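# A structural walkthrough
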Amino acid sequence: RQAALARLVSAGVMGMLGGQWLSGLIAQWVGWRPVFLVIAVLFLVVGALLWRAQRGEPPPAASGPTESGRFRTIAAAPASRRILAFVTLEGALALGALAFMPSLLQRQHGLSLATAGAIAACYGLGGILYTRTAVHLLRRFGETGLARLGGALS
């Protein structure tokens, strides 16, 4: 279970890493506006592929609870609401700031957008390193020990 979660997080981090670096490269070569155009086109292509794949599948069986019913069950638990609130806050404060880092590095330090994007992508490299070693670290230190180690290193 932990290995599957680590792979999922790793895939998300890889997307973040690639997005930061590629958007910096594209912005350096052709400007910042085409970056948004490329993203919009990618979303349209992926959306069309998902729509096409979904059309060929039979409708889900009505025997189990619906997606919205399962979400309501999860959201009803106070612990779930706390976790969702903290994750939302973390995403807004930590990952939201990461989106502006390349622009800040370019403006304040005179770096090219490609270099600034590559520096921001290093956040992703750290995430990949963690997800690849998380199972081993948890085995060695346990959850509490890993939290303490992280606190000591920061």
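The sections below set out a description of the structure shown in this document. Only a predicted model underlies this, so the values are computations on that prediction, with no experimental measurement involved. (Residues numbered from 1 in each chain as written. Predicted model: local features only at pLDDT ≥ 70, side-chain atom pairs only at ≥ 80, totals over all residues. Heavy atoms only, no water.)

Our focus in this paragraph is the overall build of the protein. A tally of helices and strands in the protein yields six helices and zero strands. Each helix and strand of the protein, ordered N terminal to C terminal, gives the series α-α-α-α-α-α. For the protein, whose C-alpha radius of gyration is 20 Å, the value lies well above the compact-globule estimate of 15 Å for 154 residues. Overall, the protein is about 60 × 45 × 25 Å in size when its C-alpha atoms are taken along their principal axes. A total of 154 residues make up the protein; the buried ones form 18% of that total. (Helix = DSSP H or I, 4+ residues; strand = E, 2+ residues; numbered from the N terminus. Rg over C-alpha atoms; globule rule 2.2 N^0.38 Å. Buried < 20%, exposed > 50% of the residue type's maximum accessible area, 1.4 Å probe, protein only.)

Packing of helix α5 (residues 101-109) against helix α6 (residues 113-153) leaves a shortest axis separation of 8 Å and a crossing angle of 135 degrees. Relative to α6, the element α5 is oriented oblique. α6 is crossed by α5, and the crossing has right-handed handedness. On α6, the residues that touch M101, P102, L105 and Q106 of α5 are L113, A116, G117, I119 and A120. Its residues assigned to classes, the contact of α5 with α6 shows seven nonpolar, two polar and no charged. (Axes fitted to C-alpha atoms, helices over the stretch in contact; angles between N-to-C directions. Parallel < 35°, antiparallel > 145°, perpendicular 65-115°, else oblique. Left-handed = near helix turned anticlockwise from the far one by under 90°. Contact = heavy atoms within 4.5 Å. Nonpolar A, V, L, I, M, F, W, Y, C, P; charged D, E, K, R; others polar.)

The next thing to look at is helix α4 (residues 78-98). Its 21 residues place the ends of α4 30 Å apart at the C-alpha level, agreeing with the 30 Å of an ideal helix rising 1.5 Å per residue. At G91, α4 shows its largest bend, some 25 degrees. (Expected span 1.5 Å × (residues − 1). Bend = angle between axes of the 7 residues up to and from the residue.)

Locating L8 in the fold gives a position in helix α1 (residues 2-30). Sequence spacing of L8 and V46 is 38 residues, and the spatial spacing of their C-alpha atoms is 19 Å.

What follows concerns helix α2 (residues 33-55). Look at α2: 33 Å from first C-alpha to last across 23 residues, which is about the 33 Å you get at 1.5 Å a residue. For α2, a buried count of one out of 23 residues is recorded, marking the element as mostly open to its surroundings.

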